[in-house]
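Summary of structural features
Chain by chain, the residues:
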Amino acid sequence: MDFANYITGCILIIAGFLVHKFPCFIAGYNTLSKNEKEKIDIRRLSCMMRNSFVIMGAGIIASHCFLRLVGSPMIINFLIPVFVFPVTIYIFFQIHKYSHRAHINMLYHRSKSVWVVIVVVLTLCGAVFYSFRSPSVSLSVNDVTISGSYGQSFPLKTIESVELIDSMPGIRMRTNGFSMMKIRKGHFLLDNDLPAILYLEEEHGPYVLIMRRSMEPVYINFTNKEKTETLYKTLKQRIIRKENI
C-alpha cells in the first residue's frame, strides 16, 4: 500500500500538469468543434483541473508520510478514496463555470462518467470498510454463527476440537477471501497444503483453532488478546456441555 499511495500521488500530480499544458486531455474537449472550444475558458478550466489533481496527489503523499510518522497505518489504506472522491465531485460541479450557458451540456453531460466512477469506488470502499469490521461469533443451542465478511454458520456437533494456539501455518495464497494489511478473512490455502477459513485481525497469536468434521478448519483471532481467549473458553465450555447432554 505504501507504493500504491506514492505512485498514485505522483501520477495525479503529473496528470494535473499535463492537463494544464495539454487541455486536449480533458474528457470531451478534444472532440469539440473549433467554434465550441472558443466558447470555453480553457485557461481557467485547465488551471482548476491542474490544481485539483495536484491537491489530490500531494494530499495522498503528504498524508501517507504523516500517518506513517504518527503510527496510524490502517487509515493509510483509505487515503486514495478520501482525497479522490471530494475533489472529483468538486471538479464535476465546477466545470459549468468555464463554459457559456449554451455549451454547458457538452462538458457537463460528458462528465456523467464521473458519477459512474464515484458509484463504483464508493461501492468498493463500502466493501473494504465492511471487510475491516471485526467478526462477531455467536452461539445458539445447536450452531456457531460467525457474522460479518465471509461469515458462516455451522452445527456445534461438527466441531471435533477447539484449541488456543500461539502460532499457525503460514499462508500460501488467498483462494476466495479478503486480505489487506493484517486482516485476513475467507478461504485461504496454508503452507501445509491444507485449505482453511480465516478470520484474523492480527499476524501473531493467540489463535482459536476450530477443527471440524469433514470441513475446513477455522482460525480466529482478534486485535484484543483477551477477546480471543474469551472466545476460546466460551467455545470450549459449550462443547463440553454439549458432550455431557
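This text goes with the structure placed above it.
Residues numbered from 1 in each chain as written. Predicted model: local features only at pLDDT ≥ 70, side-chain atom pairs only at ≥ 80, totals over all residues. Heavy atoms only, no water.

**A look at the overall build of the protein**
A count of helices and strands for the protein gives eight helices and nine strands. For the protein, the share of sequence-separated contacts (at least 6 apart) that also reach a separation of at least 24 residues comes to 53%. Here the protein displays about 13900 Å² of accessible surface, and carbon together with sulfur accounts for 61% of that area. (Helix = DSSP H or I, 4+ residues; strand = E, 2+ residues; numbered from the N terminus. Contact = heavy atoms within 4.5 Å. Areas by Shrake-Rupley, 256 points an atom, 1.4 Å probe, with all protein chains shown as cover.)

**Some thoughts on the sheet that holds strand β4 (residues 159-165)**
Reading across from one edge, β4-β8-β9-β7-β6-β5 is the order of the six strands in this open sheet, with mixed pairing throughout. Each edge of the sheet is formed by a strand with only one pairing partner; in this case those strands are β4 and β5 (171-180). Strand-to-strand, the axes of this sheet are offset by a mean angle of 20 degrees, without reference to chain direction. (Pairing = 2+ DSSP bridges. Axes fitted to C-alpha atoms, helices over the stretch in contact; angles between N-to-C directions.)

**Things to note about helix α5 (residues 79-94)**
Taking 1.5 Å per residue, 16 residues should reach 22 Å; α5 reaches 23 Å between its end C-alpha atoms and fits that length. Every buried residue of α5 is listed here: Leu79, Pro81, Phe83, Phe85, Val87, Thr88, Ile91, Phe92 and Gln94. (Expected span 1.5 Å × (residues − 1). Buried < 20%, exposed > 50% of the residue type's maximum accessible area, 1.4 Å probe, protein only.)

**Describing the pairing of β5**
Across eight bridges, the pairing between β5 and strand β6 (residues 183-190) is antiparallel. In the strand pairing of β6, Asn176 is matched with His187.

**Focus: the packing of aromatic side chains**
Tallied over the entire structure, the rule returns zero aromatic pairs. Across the ring face of Phe154, the terminal group of Arg212 is positioned such that the distance to the ring centre comes to 4.6 Å. Positioned above the aromatic ring of Phe222, the side-chain terminus of Lys227 is 4.5 Å from the ring centre. (Phe/Tyr/Trp six-rings, centres within 6.5 Å; stacked < 30°, edge-to-face > 60°. Lys NZ or Arg CZ within 6 Å of the ring centre and 35° of its normal.)

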